[in-house]
Amino acid sequence: NAGVTQTPKFRVLKTGQSMTLLCAQDMNHEYMYWYRQDPGMGLRLIHYSVGEGTTAKGEVPDGYNVSRLKKQNFLLGLESAAPSQTSVYFCASSYPLPGLATEDTQYFGPGTRLTVL
Amino acid sequence: DAKTTQPPSMDCAEGRAANLPCNHSTISGNEYVYWYRQIHSQGPQYIIHGLKNNETNEMASLIITEDRKSSTLILPHATLRDTAVYYCIVRVANKVTGGGNKLTFGTGTQLKVEL
């Protein structure tokens, strides 16, 4: 049981290049999230998904797109990378059962460190 | 979700109890208090959560005041591996609206455990 995994761990891009970050979870969780964390700051939600085939915008969605074609995978895409997107990206998943807060615990991946030059 | 206030940093001697405070004076009746921590360069890790009763698990204890306006996370015997940023988050459990069940992270408390 690997939990939440993220690929790649590190990446350097040039301005204007595109890339896709992959998040995978093997816990059969319904909800998945993408956050970014900038130096000295807390995490901010980019996009999230409440189930296969559905996605929604979070606090800072501009410049990113996501897809949830399979329940276990949540992809984050950067179509034209900008230096402002230099950050550490974390994926999380949870399985909220109504009335059971315990089951709504979010489990995080190890992160992807992205630098855009 | 209610806003939280935490001290920016704290020190603790190894083996001693670490008591991390959190103020959440605007908390609503249906909002839970969650604690996560983030060890340097790693993803956040869930620690504990509670509504109004004190809670304990294998990692920590959570003490919530009777008026629920503040809480304290207690690590009973801190070790060097507990050095991390600790986040206190107040949110409605299973709130499936707007931002889903997003966690709103502030800047947390940097706990440094020393020999």
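Details of the nonpolar core
- With 21 residues, the main nonpolar core has B:Trp35, B:Leu73, B:Tyr86 and B:Leu111 as its most contacted residues.
- Counting residues per element, the ones that place at least two in this core are strand 2 (18-23), strand 3 (31-38), strand 4 (45-50), strand 6 (61-64), strand 7 (70-75), strand 8 (84-92) and strand 9 (109-114) of chain B.
- It is strand 8 of chain B that provides the largest number of residues to this core, a total of 4 residues.
- Excluding residues within four positions of it along the chain, B:Leu111 makes contact with B:Met10, B:Cys12, B:Ala18, B:Leu20, B:Leu75, B:Asp82, B:Thr83, B:Ala84 and B:Tyr86.
- A:Leu13, A:Leu76, A:Ala81 and A:Leu114 belong to the second largest nonpolar core, which has 18 residues in total.

Thoughts on the pattern of salt bridges
Residues and elements named next belong to chain A.
- Per the stated rule, a full pass over the model turns up 5 salt bridges over all chains.
- Here Lys71 makes a salt bridge to Glu30, at a shortest N to O gap of 2.9 Å. Taken together, the residues span a long stretch of sequence, with Lys71 in the loop between strand 7 (65-67) and strand 8 (73-78) and Glu30 in the loop between strand 3 (19-25) and strand 4 (31-37) at a distance of 41 residues.
- Each of Arg36, Asp38 and Arg44 takes part in a single network of salt bridges with overlapping partners.

Points about the pairing of strand 9 (residues 87-94) of chain A
Residue and element names in this part refer to chain A.
- Taking burial as the measure, the 8 residues of strand 9 include 8 buried ones, the bulk of the element.
- Because side chains alternate across strand 9, one face comprises the buried residues Ser87, Tyr89, Cys91 and Ser93, and the other comprises Val88, Phe90, Ala92 and Ser94, equally buried.
- Two elements, strand 4 and strand 9, share 7 bridges in a ladder whose sense is antiparallel. Its bridge partner lying in strand 9, Tyr33 is registered against Ala92.
- Bridge count between strand 9 and strand 10 (residues 107-108): 2 bridges; the pairing is antiparallel. When the sheet's bridge partners are listed, Ser93 is paired in strand 10 with Tyr107.

What to know about the state of the cysteines
Residue and element names in this part refer to chain B.
- Summed over the entire model, instances satisfying the criterion amount to 2 disulfides over all chains.
- Each sulfur in the disulfide pair Cys22 and Cys88 lies 2.1 Å from the other. Measuring handedness by torsion sign, the sulfur bridge of Cys22 and Cys88 sits at about -80° and is left-handed. Here Cys22 is found in strand 2, whereas its partner Cys88 is found in strand 8, with 66 residues between them in sequence.
- Overall, Cys22 belongs to the buried group, its relative accessible area being 1%.
- Free of any disulfide, Cys12 has its nearest cysteine sulfur in Cys22, 18 Å distant.
- You can call Cys12 buried: its relative accessible area is 9%.

Rules used in this analysis
Residues numbered from 1 in each chain as written. Chains lettered and ligands numbered in written order. Predicted model: local features only at pLDDT ≥ 70, side-chain atom pairs only at ≥ 80, totals over all residues. Heavy atoms only, no water. Core = buried A, V, L, I, M, F, W, Y, C linked by side-chain atoms within 4.5 Å. Buried < 20%, exposed > 50% of the residue type's maximum accessible area, 1.4 Å probe, protein only. Helix = DSSP H or I, 4+ residues; strand = E, 2+ residues; numbered from the N terminus. Contact = heavy atoms within 4.5 Å. Salt bridge = Lys/Arg side-chain N within 4 Å of Asp/Glu carboxyl O. Pairing = 2+ DSSP bridges. Disulfide = S-S within 2.5 Å.

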